[in-house]
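Remarks on the overall topology
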Amino acid sequence: MPFSFGAKSASAGAKSASAAAGASNLQFHEEEFVSKLLNRRWMLEKPDTKIHQIMLSKKQSQFVNGYLGGIHFSINTNPGLGIRFIEPSCKDPSFYIVRDDLLHPLVNGNKARKLDGLLPIVEEYSGTDVVTCGGCQSAHAAAVAVSCAEKGITSHLLLRGEEPEILTGYNLVSKMYGNVVYVPRSLYAKREEMLTRHANEVAGANGSVSWFRDVLNSLAMSTSGAEYRHAEPDKVSEIHQRKVVVVNEGAGDVVALLGVIRLVDYLSQSNILGDRPCTFVVDAGTGTTAVGLRLGALCLGLPWKVTAVMLADTLEGYKMQEDSLISDFKCFCDSIYAEPLLNDSNNEPICWTHRINPRKFGKVLDGEVNACQQVANQTGILVDPIYTLAAWELAMLLSQQESEEGRNVVMLHTGGTLGMFGLAQRYKSHFRLLKDDI
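Numbering of residues begins from 1 in every chain and follows the order in which that chain's sequence is written. With the structure being a predicted model, the display of local features is reserved for residues of pLDDT at least 70 and the display and counting of side-chain atom pairs for 80 or more, all residues being used for whole-chain, interface and lining totals. Excluding hydrogens and water, the side-chain values take into account all heavy atoms of the structure.

**Regarding the overall build of the chain**
Starting at the N terminus, helices and strands are each numbered in turn, a helix being any DSSP run of H or I of at least four residues and a strand any DSSP run of E of at least two. From N to C terminus, the chain includes 16 helices and 12 strands. Note on classification: 1.4 Å probe, protein chains only; a residue is buried when its accessible area is under 20% of the maximum for its type, exposed when over 50%, partly exposed between these limits. Per-residue burial for the chain yields a buried fraction of 52% across its 438 residues. Working rule for contacts: check all heavy atoms of both residues, and any pair within 4.5 Å makes them a contact. For the chain, the share of sequence-separated contacts (at least 6 apart) that also reach a separation of at least 24 residues comes to 81%.

As structure tokens, this is what we get:
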């Protein structure tokens, strides 16, 4: 019996050692793959961001019968991270919030992450002008305008509809930093034709026009990935020649994923969130940020779930966008490690979920502006009723469920502060109901 037991133990030990070696080897490949992927020039000097903790409790306040169900919020601006991240710091439900809304005073966090990998490629291509489009209060257009101006690149923004009587919010920022043209809705419906025509006008007779996807392909084909990612921008040979780059509405190209993956890599450090089980919550416009979070977690082998609140499309539309971006990502990486990392049957897909109070995109419901006021008053964090309030509501709900599974809930605050100014013009009656004496 002792011999039999020993033989069995040796066999089990061999299997255990083999499994451990396999896991170690896979982890090495994951880290090597991500290291190569992130070895490039970036727009943001560093990926760092602040993390705060929101505690929920039942407490008497003037919002006791409010939209958020009488929950009182308090904030911990210095929560325990690293090893202490897994230790419950209070008996009440809580969730963590990644403060990407603080990345830049004028650029939304999710837009900054999208442009983080994109804009340096425009620079490497020696692009002189960027043409893009968006709605009248487009956060994307404002982000492109500000970020291009900071890099010495001229932006041209085609905004849908008529010029507002009073410029405010993202519209004002776009006007201050870029060259704005208002386009009738009938013409805006044909986006590619509209963008191409305007880009040709900007380029003039001696200039050139390229779509960003073509710029990316040409750089990848002309040099090896490791070389072009470090190449310094070439000077335009003819001083009057303009190299115009057209960027899709929302900048939803595959390169937009890289900045989010860079964020995941930063958060996965052992002194921050590490590899502990988390459920990430994010509001979804195009869905690009949610896909970037999932890809980052997959590439790094993290036990992180991603839950995205669908705001602007159907479930089928978001799943198609997810599949398309992942397919483009595999082609972009061209790596023997990408396929096994992303095709593992154990990988959890994004959980696309409806908003707790569904509505047509862009509509504000009664009580939501007051809910944003409550959050701001009790935590110092501003959320908006179109996007980030939806993520906040879901983070509240999950914080009361996921803790039972040993998971921390982490909301990614994508920004949206300036959007409140545009909403105040559009929904005057909602903002007249803001509470006094809070």
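Next comes the rest of the write-up.
**A look at unusual backbone geometry**
Despite not being glycine, S126 shows a phi value in the positive range, around 65 degrees. Exposure remark for S126: the relative accessible area of 8% places this residue in the buried category.

**Some points on the pattern of salt bridges**
Salt bridges are defined by distance alone: a side-chain nitrogen of Lys or Arg within 4 Å of a carboxyl oxygen of Asp or Glu. Overall, the coordinates contain 16 salt bridges when judged by the stated rule. A salt bridge links D101 to R99; its shortest N-O distance comes to 2.8 Å. We classify D101 as buried; its relative accessible area is 13%. Look at R99 and you get buried, because its relative accessible area is 6%.

**Focus on the packing of aromatic side chains**
Any two of the Phe, Tyr and Trp rings considered here, Trp counted by its six-membered ring, make a pair once their centres fall within 6.5 Å; the pair's planes then place it as stacked at under 30 degrees, edge-to-face at over 60, or tilted in between. In total, this model carries 5 aromatic pairs according to the counting rule given. Measuring from centroid to centroid gives 5.2 Å for F95 and W392, while their planes differ by 85 degrees, and the two rings are edge-to-face. With F95 in strand β3 (residues 94–98) and W392 in helix α14 (residues 388–399), the pair connects residues that are 297 residues apart, well separated along the chain. On the basis of relative accessibility, which here comes to 0%, the residue F95 falls in the buried class. Aromatic pair F280 and W304: ring centres 4.8 Å apart, planes at 35 degrees, arrangement tilted. With F280 in strand β9 (residues 278–284) and W304 in strand β10 (residues 304–310), the pair connects residues that are 24 residues apart, well separated along the chain.

**A closer look at the environment of L293**
In this structure, L293 sits in helix α10 (residues 288–299). A residue is classified by how much of its surface remains accessible, and L293, at 3% relative accessible area, is buried. Once the C-alpha coordinates of L293 and T307 are considered, the two residues, 14 residues apart in sequence, prove to be 9.8 Å apart. Once residues within four sequence positions are removed from consideration, L293 is found in contact with V260, V264, F280, V282, V306 and L412.

**Quick word on the pairing of strand β6 (residues 179–183)**
Note on pairing: DSSP must find at least two bridges between two strands before they are called paired. Bridge count for strand β5 (residues 154–160) against β6 is 5 bridges, and the pairing is parallel. Within the sheet, the bridge partner assigned to L158 lies in β6 and is V181. Whether a crossover is right-handed depends on one test, that the path from the first strand over the helix to the second runs clockwise when the strands point away from the viewer. The parallel pair β5 and β6, bridged by helix α4 (residues 169–177), forms a crossover whose chirality is right-handed.

**Quick look at helix α2 (residues 109–124)**
Working rule for helices: expected span equals 1.5 Å times residues minus one. With 16 residues, α2 extends 23 Å between its outermost C-alpha atoms, agreeing within 8% with the 22 Å of an ideal straight helix rising 1.5 Å per residue. Each residue is assigned a bend, namely the angle between axes fitted to the seven residues that terminate at it and the seven residues that start at it. Along α2, the sharpest change in direction is near 40 degrees and occurs at D116; proline P120 comes one to four residues later. For α2, a buried count of 16 out of 16 residues is recorded, marking the element as mostly surrounded by other parts of the structure. Where α2 terminates, the next one or two residues include S126, which has phi positive at roughly 65 degrees.

**Side note on the sheet that holds strand β2 (residues 71–76)**
A sheet is described by the order of its strands in space; here 7 strands give the open sequence β2-β1-β3-β12-β9-β10-β11, paired in mixed fashion. Strand pairing shows two members of the sheet lacking a second neighbour, β2 and β11 (351–354), which therefore form its edges. Each strand axis lies, on average, 30 degrees off the axis of its neighbour in the sheet, ignoring direction. A fitted line through C-alpha atoms represents every axis, and for helices the fit uses only the stretch in contact; the resulting angles, taken between N-to-C directions, go from 0 to 180 degrees. Across the sheet, α14 is in contact with β1 (51–58), β2, β3, β9, β10, β11 and β12 (408–412); its angle to β9 comes to roughly 155 degrees.

**Quick word on the pairing of β9**
Regular strands place side chains that alternate from one sheet face to the opposite one. The buried count for β9 comes to 7 of 7 residues, which makes it a mostly enclosed element. In β9, alternate side chains face the same way, and those of C278, F280, V282 and A284 on one face and T279, V281 and D283 on the other are all buried. Here β9 runs beside β10; their pairing, made up of 7 bridges, is parallel. Paired with T279 across the strands is K305, a residue of β10.

**Quick look at the sheet that holds β6**
Through backbone hydrogen bonds, the strands of a sheet pair up, either in parallel or in antiparallel fashion. Taken together, the 5 strands give an open sheet; going across it, the order is β6-β5-β4-β8-β7, and neighbouring strands pair in parallel fashion. In the strand order of this sheet, the two ends are held by β6 and β7 (208–211), each with one partner. Direction aside, neighbouring strands of the sheet carry axes that sit 20 degrees apart on average. Taken together, the 3 bridges between strand β4 (residues 129–134) and strand β8 (residues 243–246) define a ladder with parallel strand orientation. If you follow D129 over to β8, its bridge partner there is V244.

**Some words on the confidence of the model for the chain**
How sure the predictor is of each residue is captured by pLDDT, a score from 0 to 100. For the chain, per-residue confidence averages 85 on the pLDDT scale, and residues scoring 70 or more make up 82% of the total. Confidence drops under a pLDDT of 50 for residues 224–231, and excluding neighbours within four residues, the segment shows 17 contacts in the predicted structure.

**Some thoughts on the nonpolar core**
Judged by nonpolar contacts, the single largest core of 85 residues is most densely connected at F212, V255, L267, W304, F329 and W352. Counting 32 residues, the second-largest nonpolar core is a separate cluster that includes I71, V281, V364 and W392. Residues grouped as a nonpolar core are buried Ala, Val, Leu, Ile, Met, Phe, Trp, Tyr and Cys residues, joined through side-chain atoms within 4.5 Å.

**Points about the packing of α10 against helix α11 (residues 315–333)**
At a closest axis distance of 10 Å, the pairing of α10 and α11 adopts a crossing angle of 50 degrees. Regarding the angle of α10 to α11, the classification is oblique. Seen from above, α10 lies across α11 with right-handed handedness. Residues T288, V291, R294, L295 and C299 of α10 pack against Q321, E322, L325, I326 and F329 of α11. Within the contact of α10 with α11, the residues separate by chemical class into 6 nonpolar, 2 polar and 2 charged. Working definition: roughly parallel below 35 degrees, roughly antiparallel above 145 degrees, roughly perpendicular at 65 to 115 degrees, and oblique for all remaining angles. By definition, any crossing whose near helix is turned counterclockwise from its far helix by less than a right angle is left-handed, and any crossing with a clockwise turn is right-handed. Following the grouping adopted for this structure description, the nonpolar residues are Ala, Val, Leu, Ile, Met, Phe, Trp, Tyr, Cys and Pro, the charged ones are Asp, Glu, Lys and Arg, and the polar ones are all others, Gly among them.

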